[in-house]
Amino acid sequence: MKSITMKRRTFLTTTTAAAATLALPNLITAKTKKAIVLGKGKFQYTVEHGWGDAPKGLSYGNATHGVAVDKAGLIYITHQGRPNSIIVFEPSGKFVKSMGKVHAGSGHGIDIREENGTEHIYLSPSNARMSFTKMTMDGEVVWQKGQKLLGELSGKYPGRYRPTNASFSPDGGYFLGDGYGGGYIHQFDKKDRYVRTLGGGGTADGKFRTPHGQWLDARDGTPKLAVCDRANKRLQWFDMNGKHLRTQGGFLFPADIDIQGDIMMVPDLHARITLLDKNNKVITHLGDNEQWRAKALSAGFRGKRAQWQDGRFIHPHDACFDKAGNIFCVEWVIGGRVTKLTKV
């Protein structure tokens, strides 16, 4: 099969809570005089914490959760602030707009796809009372799929339900992940027709404990759904018909996936970002440090900004590449934090 080039959150196919009074990190984070570099070999990056110049008064609230880049290079950050759930920046970090009122206080997963020449945003709110939402780049809602509809289609609800992320198939279809709820991933075709449901709670292959993030992995020429099975500390791969293919451990608390070329990136909630090669061998763990991780995972540390260190992550919740191979990482910390890793 022809190889499919994937770059998370700008997917091409054919066919603004708690701590809301905190200022955005760029207003309170001082830059170090000497550049800090993470990584090794061809994968080295300088670190800029508190990236993004937003107007005073806007807040990420209790956390920054998702990040996506559109084809123009604009960066979209989902968060738990109000009155909206998305803040958009230019590549330079200049503020563009705030949007996404539909999920105010509960912004979580965000993914962007171009469909027949027009980009759309797919949102997955971290709220059991809210719905997966597809919207235009201007914020107009195209459709919503919540627990009631998904229950009628899949037979899996009523029950636990709380969305986390979405991903796309190469034929125009998509997958909706109920990662914080029942542990299901619901598959739809390009005409928005329900196809099947994968997973459910468990530790066996094909089952999940918090399928938090997902993305299409076609690095070997064959499209597969890769899933961050977070609480099971592993990744799982499935074919486009939902058949389990393989499972790989060695992760700590994998949160999401991005792919650029042959490189898979896995932001890990336990204070590091992992880069894997085409054969899923570890290239490097950005920011990895056992002593720091113990501190980062200690009670309340996600809110102790004065104790954070430059060049160290607390809780990477999502990350994506831009066209130049730079990385934008958002963290599950009080007040939120966006870090830009610029490739050396």
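Structure: see above.
A brief report on the enclosed structure follows.

Cut-offs applied
- Residues numbered from 1 in each chain as written.
- Predicted model: local features only at pLDDT ≥ 70, side-chain atom pairs only at ≥ 80, totals over all residues.
- Heavy atoms only, no water.
- Helix = DSSP H or I, 4+ residues; strand = E, 2+ residues; numbered from the N terminus.
- Buried < 20%, exposed > 50% of the residue type's maximum accessible area, 1.4 Å probe, protein only.
- Areas by Shrake-Rupley, 256 points an atom, 1.4 Å probe, with all protein chains shown as cover.
- Lys, Arg positive; Asp, Glu negative; His and termini not counted.
- Charge placed at Lys NZ, Arg CZ, Asp CG, Glu CD.
- Pairing = 2+ DSSP bridges.
- Axes fitted to C-alpha atoms, helices over the stretch in contact; angles between N-to-C directions.
- Contact = heavy atoms within 4.5 Å.
- Polar contact = N/O pair within 3.5 Å; in protein donor to acceptor, adjacent residues only side chain to side chain.
- Core = buried A, V, L, I, M, F, W, Y, C linked by side-chain atoms within 4.5 Å.

## Remarks on the overall build of the protein
Turning to step 1, where the next piece is worked out: Along its length, the protein carries two helices and 26 strands.
Turning to step 2, where the next piece is worked out: Seen through its C-alpha atoms, the protein measures out along the principal axes to roughly 55 × 40 × 40 Å.
Turning to step 3, where the next piece is worked out: For the protein, buried positions account for 58% of its 344 residues.
Turning to step 4, where the next piece is worked out: Counting only carbon and sulfur atoms, one obtains 49% of the accessible surface of the protein, whose full area is about 13700 Å².
Turning to step 5, where the next piece is worked out: Across the protein, 49 positive and 31 negative side-chain charges occur, with their mean positions spaced 4 Å apart.

## Things to note about the sheet that holds strand β14 (residues 184-188)
Turning to step 1, where the next piece is worked out: The strand order across the open sheet formed by four strands is β12-β13-β14-β15, and the pairing between neighbours is antiparallel. Every other strand in the sheet has two partners, leaving β12 (165-168) and β15 (194-199) as the edge strands with one partner each. Between one strand axis and the next, the sheet turns by 20 degrees as a mean value, whatever way the strands run.
Turning to step 2, where the next piece is worked out: Here β12 runs beside strand β13 (residues 174-178); their pairing, made up of four bridges, is antiparallel. Residue pairing across strands places Phe168 opposite Tyr174, the latter belonging to β13.
Turning to step 3, where the next piece is worked out: The strands touched by helix α1 (residues 147-154) within the sheet are β14 and β15, with β14 carrying the most contacts at an inclination of about 75 degrees.

## Focus: the side chain of Arg234
Turning to step 1, where the next piece is worked out: Relative to the helices and strands, Arg234 resides in strand β18 (residues 234-238).
Turning to step 2, where the next piece is worked out: Here Arg234 falls in the buried class, since its relative accessible area comes to 9%.
Turning to step 3, where the next piece is worked out: One polar contact links the side chain of Arg234 to the main-chain carbonyl oxygen of Lys207, over a distance of 3.0 Å.

## Here's the deal with the nonpolar core
Turning to step 1, where the next piece is worked out: In terms of nonpolar packing, the biggest core is built from 23 residues, with Tyr174, Leu176, Leu235, Ile257, Met264 and Val266 touching the most fellow members.
Turning to step 2, where the next piece is worked out: Secondary-structure elements contributing two or more residues to this core are β12, β13, β14, β17 (224-229), β18 and β21 (263-268).
Turning to step 3, where the next piece is worked out: Apart from residues lying up to four places away in sequence, Met264 is in contact with Asp217, Arg219, Ala226, Leu235, Trp237, Ile257, Asp258, Ile259, Thr274, Leu275, Leu276 and Asn280.
Turning to step 4, where the next piece is worked out: Ranked by size, the runner-up nonpolar core spans 16 residues in total, among them Ile263, Ile283, Leu286 and Phe313.

## Thoughts on the environment of Thr64
Turning to step 1, where the next piece is worked out: Relative to the helices and strands, Thr64 is located in strand β4 (residues 64-69).
Turning to step 2, where the next piece is worked out: Setting aside residues no more than four positions away along its own chain, Thr64 makes contact with Ile77, Thr78, His79, His317, Val330, Glu331, Trp332, Val333, Gly336, Arg337 and Val338.
Turning to step 3, where the next piece is worked out: A polar contact of 2.7 Å, which involves the side chain of Thr64, links it to the backbone oxygen of Glu331.
Turning to step 4, where the next piece is worked out: For Thr64, the side chain forms a polar contact with the main-chain nitrogen of Arg337, separated by 3.1 Å.

## Topic: the sheet that holds strand β20 (residues 258-260)
Turning to step 1, where the next piece is worked out: Judged by pairing direction, the sheet is antiparallel, and its four strands sit side by side in the order β20-β21-β22-β23 without closing on themselves. Two strands bound the open sheet, and with one partner strand each, they are β20 and β23 (282-286). For this sheet, the mean angle separating the axes of adjacent strands, direction not counted, is 20 degrees.
Turning to step 2, where the next piece is worked out: Across five bridges, β21 lies against strand β22 (residues 272-276) in antiparallel orientation. Paired with Met265 across the bridge in β22 is Leu275.

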